[in-house]
Amino acid sequence: MDDEIFAYVTGRSDGIAGHRDPVRASHAATGADYRMGFLDGRIEVFHLLAAVRRIQDESDGDFLR
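Note that this is a predicted model, so its numbers are computed, not measured.

### Focus on helix H1 (residues 2–17)
Phase 1: The terminal C-alpha atoms of H1 lie 22 Å apart, and with 16 residues this matches the ideal 22 Å at 1.5 Å per residue to within 8%.
Phase 2: All of the buried residues in H1 are Ala 7, Thr 10, Gly 11, Asp 14 and Gly 15. One face of H1 carries all of its buried residues, which in axial projection span an arc of 140 degrees. Facing away from the buried side of H1 by over 90 degrees, the exposed positions are Asp 2 and Phe 6.

This is how it looks when you write it as structure tokens:
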């Protein structure tokens, strides 16, 4: 179980960094956990960027408000 959790956390970290490790992703025992973590990391980045875009849209370019 520890290997699966480690693979997920590593995948999530790699997903946030935007760098996928093909060796870990294709590992027979923990590849699926790594890929799920990677996907969750990428989704987290997507949500963060969407929040930044919302903040920018709300400010209407007035940075001194």
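### Considerations on the pattern of salt bridges
Phase 1: Summed over all chains, the structure comprises two salt bridges.
Phase 2: Residue Arg 12 is joined to Glu 44 by a salt bridge in which the shortest nitrogen-to-oxygen separation is 2.5 Å. Here Glu 44 lies in helix H3 (residues 31–59) and Arg 12 lies in helix H1, a separation of 32 residues in the sequence.
Phase 3: Arg 12 sits in the partly exposed class, given a relative accessible area of 32%.

### With respect to the packing of aromatic side chains
Phase 1: Within this structure, the stated rule accounts for one aromatic pair.
Phase 2: The interplanar angle of 25 degrees and the centroid separation of 6.5 Å between the aromatic rings of Tyr 34 and Phe 38 together place this pair among those described as stacked. One end of the pair is Tyr 34 and the other is Phe 38, both in helix H3 and four residues apart, which spans about a single turn.
Phase 3: Accessibility expressed as a relative area gives 1% for Tyr 34, which makes it buried.

### Digging into the side chain of Thr 30
Phase 1: Inspection of the secondary structure assignment puts Thr 30 in the loop between helix H2 (22–25) and H3.
Phase 2: Relative accessible area serves as the criterion here: at 12%, Thr 30 is assigned to the buried category.
Phase 3: Setting aside anything within four residues of it in sequence, one finds Thr 30 in contact with Asp 3, Glu 4 and Ala 7.

Procedures and definitions
Residues numbered from 1 in each chain as written. Predicted model: local features only at pLDDT ≥ 70, side-chain atom pairs only at ≥ 80, totals over all residues. Heavy atoms only, no water. Helix = DSSP H or I, 4+ residues; strand = E, 2+ residues; numbered from the N terminus. Expected span 1.5 Å × (residues − 1). Buried < 20%, exposed > 50% of the residue type's maximum accessible area, 1.4 Å probe, protein only. Arc of directions from axis to C-beta. Salt bridge = Lys/Arg side-chain N within 4 Å of Asp/Glu carboxyl O. Phe/Tyr/Trp six-rings, centres within 6.5 Å; stacked < 30°, edge-to-face > 60°. Contact = heavy atoms within 4.5 Å.

Shape is all these values report; function is a separate question.
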